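Spelled out, the chains give:
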Amino acid sequence: MSTELPYAADAEVSLSYDELEVLRLQYEREQLQAHVTVQTKFNYAWGLVKSPLREHQVEGVRLLQDLYRSEPARRRECLYYLALGHYKMGNFEEAKQFNGLLLEKEPTNLQAMSLGQLIDKGVAKEGYIGMALVGGAAALGTLVLAGLIRRATRNHK
């Protein structure tokens, strides 16, 4: 039996410009009427989170946080897309927290389990980059120190 989980496809699939534009126009039309429905706000936030543009992702996460606070019935959906939005922005700790909350409520949610694997890979990659930067800085420091020692020994002869 395979241990592969269904891929959290939302992590890499974006809406087209036209699809996102439809959601934006609907959201703005309802804003002008001073009544944005929960579904319209969620749909627009969902489209923004899926976007490859960071400013869209940030706005999508903000809208989802508003929905999470104000609409208890939509919290489960919000948790997944909050985790996804933070993952896409590289905020792995926040992504892990939201995904963990979802998995507490739904421990067999395969999409959340798959997203959890992507988050863990992101954390590991970030750790490797951090270690490489620290290692590079240490090597540079060693070279500078060796040069200073060499110069000091020449000057004392």
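Everything below is about the structure printed above this text.
Since this is a predicted model, take the numbers as computed values, not measurements. (Residues numbered from 1 in each chain as written. Predicted model: local features only at pLDDT ≥ 70, side-chain atom pairs only at ≥ 80, totals over all residues. Heavy atoms only, no water.)

Trainee: Just give me the short version of the pattern of salt bridges, but keep the residues and values in it.
Mentor: Side chains that differ in sign of charge can pair as their charged atoms come close. According to the stated counting rule, one finds nine salt bridges in the structure shown. For Arg74, the salt bridge goes to Glu77, with nearest N and O atoms at 2.5 Å. Judged by its relative accessible area of 13%, Arg74 is buried. Across the pair Lys96 and Asp120 runs a salt bridge whose closest N-O atoms are separated by 2.9 Å. With Lys96 in helix H5 (residues 92–105) and Asp120 in helix H6 (residues 110–155), this pair connects stretches of sequence that are 24 residues apart. Overall, Asp120 belongs to the partly exposed group, its relative accessible area being 41%. (Salt bridge = Lys/Arg side-chain N within 4 Å of Asp/Glu carboxyl O. Buried < 20%, exposed > 50% of the residue type's maximum accessible area, 1.4 Å probe, protein only. Helix = DSSP H or I, 4+ residues; strand = E, 2+ residues; numbered from the N terminus.)

Trainee: Could you give an account of unusual backbone geometry, with specific residues and numbers?
Mentor: A negative phi angle is the norm for most residues apart from glycine, just as the trans form is the norm for most peptide bonds. The backbone phi angle of Ala34 is positive, close to 65°, even though this residue is not glycine. By the element assignment, Ala34 lies in the loop between helix H1 (17–32) and helix H2 (38–50).

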